[in-house]
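Letter by letter, the chains look like this.
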Amino acid sequence: MDTSKLHYYIPSYEWYNSQTVAWAEEVGLSSINYTPGIRTAADYTYPEMGKRYLSSAAILEGLWSHEVKSGLNGFMVLIHMGTDDRRKDKLYRHLDDIIKILKRRVIKSWISLVY
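Everything numeric here is computed off the predicted structure, so don't read it as measured data.

Taken as a whole, this structure holds 2 aromatic pairs when the rule is applied. Relative to Trp23, the ring of Tyr9 has its centre 5.1 Å away and its plane inclined at 65°; by these criteria the two rings are edge-to-face. Of this pair, Tyr9 sits in strand β1 (residues 8-9) while Trp23 sits in helix α1 (residues 18-26); the two residues are 14 residues apart in sequence, bridging distant segments of the chain. Measuring from ring centre to ring centre gives 5.3 Å for Tyr13 and Trp15, while their planes differ by 35°; the resulting arrangement is tilted. In this structure Tyr13 comes out as exposed when scored by relative accessible area, which is 64%.

As structure tokens, then:
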């Protein structure tokens, strides 16, 4: 893999500390994290997790509700490309629609991170 185009690093489980930030800087990466509050990062959950589980519909409802109320300009949206097999409604299957909707709404800063 050509790593020359990589600029950002999100630590596993989005857990970071001064040591992981220092490591990322040493290899030329900037540590980032998703913007909390929109709950897209909860797409790793599955029904057996009980109250912690959020369906894709609930996650999308929260995303669009936040976008309408406050906008998403500058937000870092995390969507996992691999999730537990027990989660049948994969949020990443909605990624194309999410991108199309956001493009139509001209959220240029978010789109520039995707591409």
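Below, the discussion takes up the pattern of salt bridges. This structure, assessed with the given rule, holds 3 salt bridges. Notably, a salt bridge pairs Asp84 with Arg86, separated by 2.8 Å at the nearest N-O pair. The class for Asp84 is partly exposed, based on a relative accessible area of 26%. With relative accessibility at 41%, the residue Arg86 sits in the partly exposed group. Its salt-bridge partner being Arg87, residue Asp89 comes within 3.7 Å of it at the nearest N-O pair.

Moving on, we get to unusual backbone geometry. Only a minority of non-glycine residues have a phi that is not negative, and only a minority of peptide bonds are not trans. Even without being a glycine, Glu14 presents a positive backbone phi close to 60°. Examined against the element boundaries, Glu14 turns out to sit in the loop between β1 and α1. Residues other than glycine seldom take positive phi values, yet Arg39 does so here, at roughly 70°. Summarising the element assignment, Arg39 is placed in the loop between β2 (30-31) and α2 (56-70). Its relative accessible area of 47% is what places Arg39 among the partly exposed residues.

Criteria and thresholds
- Residues numbered from 1 in each chain as written.
- Predicted model: local features only at pLDDT ≥ 70, side-chain atom pairs only at ≥ 80, totals over all residues.
- Heavy atoms only, no water.
- Phe/Tyr/Trp six-rings, centres within 6.5 Å; stacked < 30°, edge-to-face > 60°.
- Helix = DSSP H or I, 4+ residues; strand = E, 2+ residues; numbered from the N terminus.
- Buried < 20%, exposed > 50% of the residue type's maximum accessible area, 1.4 Å probe, protein only.
- Salt bridge = Lys/Arg side-chain N within 4 Å of Asp/Glu carboxyl O.

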